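# Coordinates in review
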Amino acid sequence: MRVSGVLRLLAFIFALTTTWLFIRNYIKFSMETIRLPRWLADSALKETKVIKTKCDLSKPCPVNFFAFKICSGAANVVGPSMCFENHIIMSPVKNNVDRGLNIALVNGTTGTMMGQKTFDMYSGDVQFLVKFLKEIPEGTLVLVASYDDPGTKMTDEVRQLFSNLGSSYANQLGFRDSWVFLGAKDLKNKSPFEQFLKNNPETNKYEGWPELLEMEGCVPLKIL
Ligand SMILES: *[C@@H]1O[C@H](CO)[C@@H](O)[C@H](O)[C@H]1NC(C)=O
């Protein structure tokens, strides 16, 4: 009877100790979980302090500059998108992009959208594009994004018209190349806003297409 009494006492002490340890850890743990929302609140506060730039640019544009971002299409899967002064002017969500060359026209003085159009460069009639490019009025900004294939139906006349807008790569644009460009009607120099990736099976990111291109920048009012 005595021995079992001692064992019972030891068992009681053991239970008491483990309970105490458990409670101590539990309280520590719950104090941490109480602290968590405050930490979350702090980081949420920090995030609201970050200035949101137009078109989500990495840094804001100076006064008298327009913010823009142009993304080419990804292979033949995801369509291109264009943002100008925080307005999405062409995108798959807006349902106004397609395979070929996606072109948007913006007034270079006011930054207002003038129109946008897609030209099928694989099987379309390139004369529509020639007419479109020839009719662009002076002082117009021209934003271009490729999707899938911008080059099959390309002609020397179209290359020259894009070169006149300030393009450096239009003269070598070919089948399934990636191309993003911002130029202007009667630009005297080459535009600094252009990126180009040649379709090359050795270096392509996707099987039949190069990496998509993303270009952001600040274009001064009246680029001329
Ligand atoms: C741009 O807007 C200005 C002011 O409204 C206008 O005078 C000019 O003709 C426009 N330019 C183009 C190319 O539409």
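This one's a predicted model, so the numbers in the text were calculated from it and none came from an experiment.

### What about the pairing of strand β5 (residues 113-119)?
- The pairing of strand β4 (residues 100-107) with β5 spans six bridges and is classified as antiparallel. Following the sheet pairing, V106 is matched in β5 by M113.
- Here β4 folds back onto β5, and the loop between the two strands holds five residues, one of which, G111, carries a positive phi near 80°.

### Observations regarding the packing of helix α2 (residues 126-134) against helix α3 (residues 156-164)
- α3 packs onto α2 with a crossing angle of 25° between their chain directions and a minimal axis gap of 10 Å. By the angle class used here, α2 and α3 are roughly parallel. Judged by the sense of rotation from one axis to the other, the crossing of α2 with α3 is left-handed. On α3, the residues that touch V126, Q127, L129, V130, L133 and K134 of α2 are E157, V158, L161 and F162.
- For the contact of α2 with α3, a count of residues per class yields seven nonpolar, one polar and two charged.

### Topic: the environment of L143
- Relative to the helices and strands, L143 resides in strand β6 (residues 140-147).
- With relative accessibility at 0%, the residue L143 sits in the buried group.
- Separated by 60 residues in sequence, L143 and C83 have C-alpha atoms that sit 9.7 Å apart.
- Residues within four places of L143 in sequence aside, it is in contact with I70, M82, F84, I89, N102, I103, A104, V106, F181 and L182.

### So, the site of the ligand
- In the vicinity of the ligand, the contacting residues are N107, T110, M114, E138 and T140.
- Here an oxygen atom of the ligand sits 2.3 Å away from a polar atom, N or O, in the side chain of N107.
- Surface burial for the ligand is 44%, taken as the share of its 360 Å² of free accessible area covered by protein chains.
- Along the lines of polarity and charge, the residues of the shell around the ligand split into one nonpolar, three polar and one charged.

How each quantity is defined
- Residues numbered from 1 in each chain as written.
- Predicted model: local features only at pLDDT ≥ 70, side-chain atom pairs only at ≥ 80, totals over all residues.
- Heavy atoms only, no water.
- Pairing = 2+ DSSP bridges.
- Helix = DSSP H or I, 4+ residues; strand = E, 2+ residues; numbered from the N terminus.
- Axes fitted to C-alpha atoms, helices over the stretch in contact; angles between N-to-C directions.
- Parallel < 35°, antiparallel > 145°, perpendicular 65-115°, else oblique.
- Left-handed = near helix turned anticlockwise from the far one by under 90°.
- Contact = heavy atoms within 4.5 Å.
- Nonpolar A, V, L, I, M, F, W, Y, C, P; charged D, E, K, R; others polar.
- Buried < 20%, exposed > 50% of the residue type's maximum accessible area, 1.4 Å probe, protein only.
- Near = heavy atom within 4 Å.
- Polar contact = N/O pair within 3.5 Å; in protein donor to acceptor, adjacent residues only side chain to side chain.
- Areas by Shrake-Rupley, 256 points an atom, 1.4 Å probe, with all protein chains shown as cover.

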